[in-house]
Amino acid sequence: MWRSKWTIIIIVLIAVVVRLIEIEQPFIDPWSWRQSDVAAIARNYLENGFHFGHPQIDWAGNAPGYVGTEFPMLPFVAALCYRITGVQEWIGRIQGVLFFAAALPFFFLLVRRLFGGTAGVWATFFYAFAPLSIVASRAFMPDVPSLCLALAGMYFFLVWVEESDGRFLVASAVLISIAFLIKLPTALIGVPLLYLAVAAPNAFGT
């Protein structure tokens, strides 16, 4: 158990270090248009007032640029940080890195409950260092933060199914709800949640 714990800690630390390389890079990497949109919303919060429910983009011509978008938590938090640091690309990127790092232990615990400790360590390793995972988790976009919240919520849901402790159900509901608000397609997680709800009592011996 302790060996697995320290292995996961090392994986998390190395995964973060890898993602911090050139973290200040401008938004010219993959999905640059999407990252630029989120960055524009963050800057407009800073320059036009912190009106959370009125995100603004830059490509609306003479119009104010109000846009219907996902729950704008990421650009709003970035704008708050801009008040201290000024407009910096790394502020947007670091959010995805932090969400990813926080979710890795939950990912490990989820896999360990289902398939055992060895599978949990290897799954976490490959998830942490898959090239697409590295690129996406340092992008200023809501996709990875939403996925990470959903993974943590799925873990708490599994614990609730197995242990019937309502606190875990509440934690799961809060995390998954925020994940949906940040990125609606994350609702696909409903499929494995449904499976856990139906199959877990028999599959996991509860």
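Report follows, based on the coordinates. Since the structure is predicted, the reported quantities are computational estimates derived from the model, not experimental observations.

Here the focus is the overall build of the protein chain. Scanning the protein chain for helices and strands turns up nine helices and zero strands. Start at the N end of the protein chain and walk to the C end: the helices and strands fall as α-α-α-α-α-α-α-α-α. For 206 residues, the compact-globule formula gives about 17 Å, and the C-alpha radius of gyration of the protein chain, at 19 Å, lands near that figure. C-alpha extents for the protein chain along the principal axes are approximately 60 × 35 × 25 Å. Counting every position in the protein chain, which comprises 206 residues, the buried fraction comes to 43%. Pairs at least 24 residues apart make up 68% of the contacts formed inside the protein chain by residues separated by at least 6 positions. Approximately 10,900 Å² of the protein chain is accessible, and the part contributed by carbon and sulfur atoms is 71%.

Looking at the secondary structure, you find Ile-8 in helix α1 (residues 2–20). Placed 82 residues apart in sequence, Ile-8 and Trp-90 show a C-alpha to C-alpha distance of 25 Å. Sequence-distant contacts of Ile-8, defined by excluding residues within four places in its chain, comprise Phe-108, Val-121 and Thr-124.

Moving on: a nonpolar patch on the surface. Residues Trp-31, Leu-132 and Val-135 make up a contiguous nonpolar surface patch of about 270 Å² in total accessible area. If you trace the backbone, Leu-132 turns up in helix α6 (residues 131–137).

With that out of the way, let us pick up the packing of aromatic side chains. All told, the structure shown has 16 aromatic pairs when counted by the stated rule. Ring geometry for Phe-125 versus Phe-126: centroids 5.3 Å apart, planes at 75°, classification edge-to-face. Aromatic ring contacts, followed pair by pair, group Tyr-45, Phe-50, Phe-52, Phe-71 and Phe-76 into a single cluster.

Now for the pattern of salt bridges. Under the definition given, this model contains nine salt bridges. One salt bridge connects Asp-165 with Arg-167, and the closest N-O pair in it is separated by 2.7 Å. Take Arg-167: its relative accessible area is 64%, and that puts it in the exposed class. A network of salt bridges, in which partner residues are shared, links Arg-34, Glu-70, Asp-143 and Lys-183.

Further remarks concern helix α7 (residues 143–163). Compared with the 30 Å implied by 1.5 Å per residue over 21 residues, the 30 Å span of α7 between its first and last C-alpha is a close match. Taking burial as the measure, the 21 residues of α7 include 16 buried ones, the bulk of the element. Taken from the residues just after α7, Ser-164 is the one with a positive phi, measuring 55°.

Here the focus is helix α3 (residues 73–85). Compared with an ideal rise of 1.5 Å per residue, which puts 13 residues at 18 Å, α3 spans 18 Å between its outermost C-alpha atoms and is within 8% of the ideal. Turning to α3, the residues buried within the fold contact α2 (32–48), α4 (89–115) and α7.

Cut-off values and rules
Residues numbered from 1 in each chain as written. Predicted model: local features only at pLDDT ≥ 70, side-chain atom pairs only at ≥ 80, totals over all residues. Heavy atoms only, no water. Helix = DSSP H or I, 4+ residues; strand = E, 2+ residues; numbered from the N terminus. Rg over C-alpha atoms; globule rule 2.2 N^0.38 Å. Buried < 20%, exposed > 50% of the residue type's maximum accessible area, 1.4 Å probe, protein only. Contact = heavy atoms within 4.5 Å. Areas by Shrake-Rupley, 256 points an atom, 1.4 Å probe, with all protein chains shown as cover. Patch = residues over 30% accessible without salt bridge, like charges linked within 9 Å, V, L, I, M, F, W, Y side chains within 5 Å. Salt bridge = Lys/Arg side-chain N within 4 Å of Asp/Glu carboxyl O. Phe/Tyr/Trp six-rings, centres within 6.5 Å; stacked < 30°, edge-to-face > 60°. Expected span 1.5 Å × (residues − 1).

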